[in-house]
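These are the residues of each chain, in order.
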Amino acid sequence: MLDRDIAILILRVVGLLFIGHGAQKLFGWFGGQGLAGTAQWLGSLGLQPARFWAVVAGLAELLGGIGLALGLFTPIAAAAIIAVMLMAIIRVHWANGLWVSKGGMEYPLVNILVSAFIGLTGAGRYALDTALNITYPMPQTFWVALAVGVVGVIIGLVSGQWVARPQARAA
């Protein structure tokens, strides 16, 4: 029978994918657009200031991915991934429905569910949290980190309304 801790370790591999996504956004690695391209894209989605949100998204994916993959600061890493995926669903995928074949939210939703499972259960025995004897009040740490992430998503969603836009001059 498969050990619970090995099963969690297998699920934590999703963190490696997020390391790649973060590196795409921040550095242009793995075919990504880099910070300038990511900022331009996020600006087109209404996130302002776009460069700030590009850095936030890239760091959340990169550091959240590292945390999930290594089992380090696990509830915080999981919440960071969930926040980024929540924003992706709201700003990009929601209008396309559920299925990824039509640009829908299926893939980010699966990432949210995997991250929530890891955030609520912990990283397991084969994790740096365990090796370094880092403990958290659970599930409270996850819920607080998730609340902070959701507040960040809300700020991102309304941020475009706060940025001063140039006024057209009367002719």
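Residues numbered from 1 in each chain as written. Predicted model: local features only at pLDDT ≥ 70, side-chain atom pairs only at ≥ 80, totals over all residues. Heavy atoms only, no water.

Focus: the overall build of the protein chain
Stage number 1. Across its full length, the protein chain holds eight helices and zero strands.
Stage number 2. Going residue by residue from the N terminus, the α and β elements of the protein chain occur as α-α-α-α-α-α-α-α.
Stage number 3. When its C-alpha atoms are laid out on the principal axes, the protein chain stretches across 75 × 35 × 30 Å.
Stage number 4. Within the protein chain, the proportion of its 171 residues that are buried is 42%.
Stage number 5. Contacts in the protein chain between residues far apart in sequence, at least 24 positions, make up 66% of those at least 6 positions apart.
Stage number 6. Of the accessible surface of the protein chain, which amounts to about 9,600 Å², a share of 71% is contributed by carbon and sulfur atoms.
Stage number 7. Charged side chains in the protein chain number 9 positive and 5 negative. The centres of these two groups are separated by 18 Å. (Helix = DSSP H or I, 4+ residues; strand = E, 2+ residues; numbered from the N terminus. Buried < 20%, exposed > 50% of the residue type's maximum accessible area, 1.4 Å probe, protein only. Contact = heavy atoms within 4.5 Å. Areas by Shrake-Rupley, 256 points an atom, 1.4 Å probe, with all protein chains shown as cover. Lys, Arg positive; Asp, Glu negative; His and termini not counted. Charge placed at Lys NZ, Arg CZ, Asp CG, Glu CD.)

Looking at the pattern of salt bridges
Should their charged atoms come close, side chains of opposite charge can pair.
Stage number 1. A complete count under the given rule lists four salt bridges for this structure.
Stage number 2. Between Arg125 and Asp3 there is a salt bridge, with its nearest N and O atoms 2.9 Å apart. Taken together, the positions of Arg125 in the loop between helix 6 (106–121) and helix 7 (128–131) and Asp3 in the segment before helix 1 (4–11) put the pair 122 residues apart, joining distant regions of the chain.
Stage number 3. Using a relative accessible area of 26% as the deciding quantity, one classes Asp3 as partly exposed.
Stage number 4. A salt bridge links Arg125 to Asp5, with the shortest nitrogen-to-oxygen separation between them at 2.9 Å. With Arg125 in the loop between helix 6 and helix 7 and Asp5 in helix 1, this residue pair connects regions lying 120 residues apart in the sequence.
Stage number 5. The exposure class assigned to Arg125 is partly exposed, which follows from its relative accessible area of 43%.
Stage number 6. The class for Asp5 is buried, based on a relative accessible area of 11%.
Stage number 7. Taken together, the salt bridges that share partners define one network made up of Asp3, Arg4, Asp5 and Arg125. (Salt bridge = Lys/Arg side-chain N within 4 Å of Asp/Glu carboxyl O.)

A few points about the nonpolar core
Stage number 1. Judged by nonpolar contacts, the single largest core of 21 residues is most densely connected at Leu68, Ile82, Met85 and Phe142.
Stage number 2. Elements supplying a minimum of two residues to this core: helix 2 (14–27), helix 4 (50–70), helix 5 (74–93), helix 6 and helix 8 (140–162).
Stage number 3. What Met85 contacts, discounting residues up to four positions off in sequence, is Phe18, Glu61, Pro108, Asn111 and Ile112.
Stage number 4. Among the nonpolar cores identified, the runner-up in size contains 12 residues, and Leu26, Ala50, Trp53 and Val153 belong to it. (Core = buried A, V, L, I, M, F, W, Y, C linked by side-chain atoms within 4.5 Å.)

What to know about unusual backbone geometry
Stage number 1. Looking along the chain, the bond that leaves Gln48 and enters Pro49 is cis, with omega of -5°.
Stage number 2. With respect to the helices and strands, Pro49 occurs in the loop between helix 3 (34–44) and helix 4.
Stage number 3. In this structure, Pro139 follows Met138 across a cis peptide bond, with omega equal to 5°.
Stage number 4. As for its position among the elements, Pro139 is in the loop between helix 7 and helix 8.
Stage number 5. Within the chain, Asn133 stands out as a residue other than glycine whose phi angle is a positive 60°.
Stage number 6. Relative to the elements of secondary structure, Asn133 occurs in the loop between helix 7 and helix 8.
Stage number 7. Judged by its relative accessible area of 62%, Asn133 is exposed.

Some details on the environment of Leu128
Stage number 1. Topologically, Leu128 is positioned in helix 7.
Stage number 2. Relative accessible area serves as the criterion here: at 31%, Leu128 is assigned to the partly exposed category.
Stage number 3. Separated by 57 residues in the primary sequence, Leu128 and Gly71 place their C-alpha atoms 5.3 Å from one another.
Stage number 4. Once residues lying within four places of it in the same chain are set aside, the contact partners of Leu128 are Leu70, Gly71 and Leu72.

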